[in-house]
Amino acid sequence: MKIERVQGTVSLRRTIESGTEEQRQAVKRIIDDVRNNGDGALKKYTEMFDGISLDTFAVTQEEIEEAYWLVDENMVHIIREAAQNIREYHERQRMTSWFMTRDDGTILGQKVTPLDAVGLYVPGGTAAYPSSVLMNVIPAQVAGVKRIVIVSPPNERGTLPAAVLVAACELGVQEIYKVGGAQAIAALAYGTETIEPVDKIFGPGNIYVALAKREVFGQVDIDMIAGPSEIVVLADETAKPNEIAADLLSQAEHDERAVSILVTPSLQLALKVEEEVEKQLATLPRKEIAQKAMNEYGVIYVTDTMKQAIDVVNELAPEHLEVMTAEPFEILSDIRHAGAIFLGPYSSEPVGDYFAGTNHVLPTNGTARFSSGLTVEAFMKKSSIIFYSQQAWQQHAAKIAAFARLEGLEAHARAVEERLKRGDK
Ligand SMILES: NC(=O)c1ccc[n+]([C@@H]2O[C@H](COP(=O)([O-])OP(=O)(O)OC[C@H]3O[C@@H](n4cnc5c(N)ncnc54)[C@H](O)[C@@H]3O)[C@@H](O)[C@H]2O)c1
Ligand SMILES: N[C@H](CO)Cc1c[nH]c[nH+]1
Ligand SMILES: [Zn+2]
């Protein structure tokens, strides 16, 4: 981890991965193949990339039952408690339809409707996170989405990680398919004999998944293209170096490209955290990943003042921000850009990843400047409602027609004036 005195501006904006030309072409071919050949293409790519031959893709009841044998009972209870917390928080985000009226009898409104069907991609490999199943499925359920489909690549045993199946089953998800990569995204977007298409696709994945999501956008909606995890800790001399180091490493272990940054006006704290990071790294099971991330993207920015430190945080606009200062709530009002803000010494980032109830799908790559984490709203859409009364039409028709003619749109003007033929008084 390097220590730098802040000079000029700092940024987390990195080039968003767009893959190689070869990868982009491969993804296009896979998507076309799935559109044309449906399940046959899914079977072919599952054999090719996941090394397993499947006759059917749907997860069976027997697989779910086996999963419950494999997951510790205490863990099932923890998953249930986390799910309750996440549901309680997301219930607060529920949106309702509303109406307004004017004296001339106009009624305007906004009708909120849940999406009919959504697909959640759960990445395979060692990074299969049951917590991400909770974070995506629960807001969809709170929104009222009827059909929730999970897709994920099969492992060498031809099934999915037990904890993912248990998390899905705990939430009552009934449609789970063992298919991954670009072929899974194509199946969700265009449908196959087995998989009905959905309206919106959520969830992270490798470069093939990310490119496929971009490719099918328009046919369906997508959530976002998530980048590697980021944590920024804003701390003063009251913070404990060992706790800061542990929190920085919690995100570094996600990915070699994860970003872990400490911003502080205290050089003394900076030096102690640097030492602690080295010490704690040595005993981490995912040491190699975390070490690479810390070497490449780990920084401690030392500022002259706390005000300057807060400015740096706002420039960074991180996915996760921890405020570990004497009075964290006082600093909160000055924080403008961060996906999630963790306040005080006990709110370490994993509290939000798993349990507190807030969502862990958050904007990365500096996009917290203009976007938010996953909410119930992402699973809903809004229709405007317009009722114009006779009185409102009489009062405003001429103005509307004039506006239409300003734009050279005569048919628009005549549509409003056509009502004159009614001869209403
Ligand atoms: N941001 C987050 O919250 C988050 C969470 C978990 C995982 N992730 C990311 O998800 C990714 C997981 O990657 P993964 O590969 O283990 O699982 P994955 O499920 O994303 O991808 C596996 C699939 O990739 C496809 N594939 C592999 N090689 C291919 C090739 N040469 N051509 C075409 N398709 C190919 C296969 O279909 C395979 O099923 C990582 O990049 C990780 O950082 C992100
Ligand atoms: N911190 C990750 C998002 O940036 C989410 C996660 C899942 N499991 C553990 N962490
Ligand atoms: Zn995490």
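Residues numbered from 1 in each chain as written. Chains lettered and ligands numbered in written order. Predicted model: local features only at pLDDT ≥ 70, side-chain atom pairs only at ≥ 80, totals over all residues. Heavy atoms only, no water.

A. Molecular detail of the confidence of the model for the protein chain. Taken residue by residue, the protein chain gives an average pLDDT of 95. The fraction at 70 or more is 98%. On the interface metric, ipTM, the complex scores 0.96, and its pTM is 0.94. (pLDDT = per-residue confidence, 0-100.)

B. Region of interest: the domain arrangement of the protein chain. You can read the domains of the protein chain as domain 1 (2-15 + 227-356), domain 2 (21-222) and domain 3 (388-422). The gap between the C-alpha centroids of domain 2 and domain 3 is 46 Å. On the side of domain 3, six residues touch domain 2, which itself brings four residues to the contact. In total, domain 2 and domain 3 occlude about 350 Å² of area from one another, counting both sides; carbon and sulfur atoms represent 42% of this. Counting the surface domain 2 buries against domain 3, the share from its top three residues, Asp 104, Gly 105 and Thr 106, is 84%. (Domains from an automatic or database assignment. Contact = heavy atoms within 4.5 Å. Buried area = accessible area lost by both parts, 1.4 Å probe.)

C. Layout of the pairing of strand 5 (residues 147-152). Counting buried residues in strand 5 gives six out of six residues, a clear majority hidden from the surface. Burial along strand 5 is two-sided: the residues Arg 147, Val 149 and Val 151 and Ile 148, Ile 150 and Ser 152 are all buried. Here five bridges tie strand 4 (residues 117-121) to strand 5, and the two strands are oriented parallel to one another. Pairing of Val 118 across the sheet is with Ile 148, part of strand 5. Alignment of strand 5 against strand 6 (residues 175-178), held across four bridges, turns out to be parallel. Opposite Val 151, over in strand 6, you have Tyr 177 as the bridge partner. (Buried < 20%, exposed > 50% of the residue type's maximum accessible area, 1.4 Å probe, protein only. Helix = DSSP H or I, 4+ residues; strand = E, 2+ residues; numbered from the N terminus. Pairing = 2+ DSSP bridges.)

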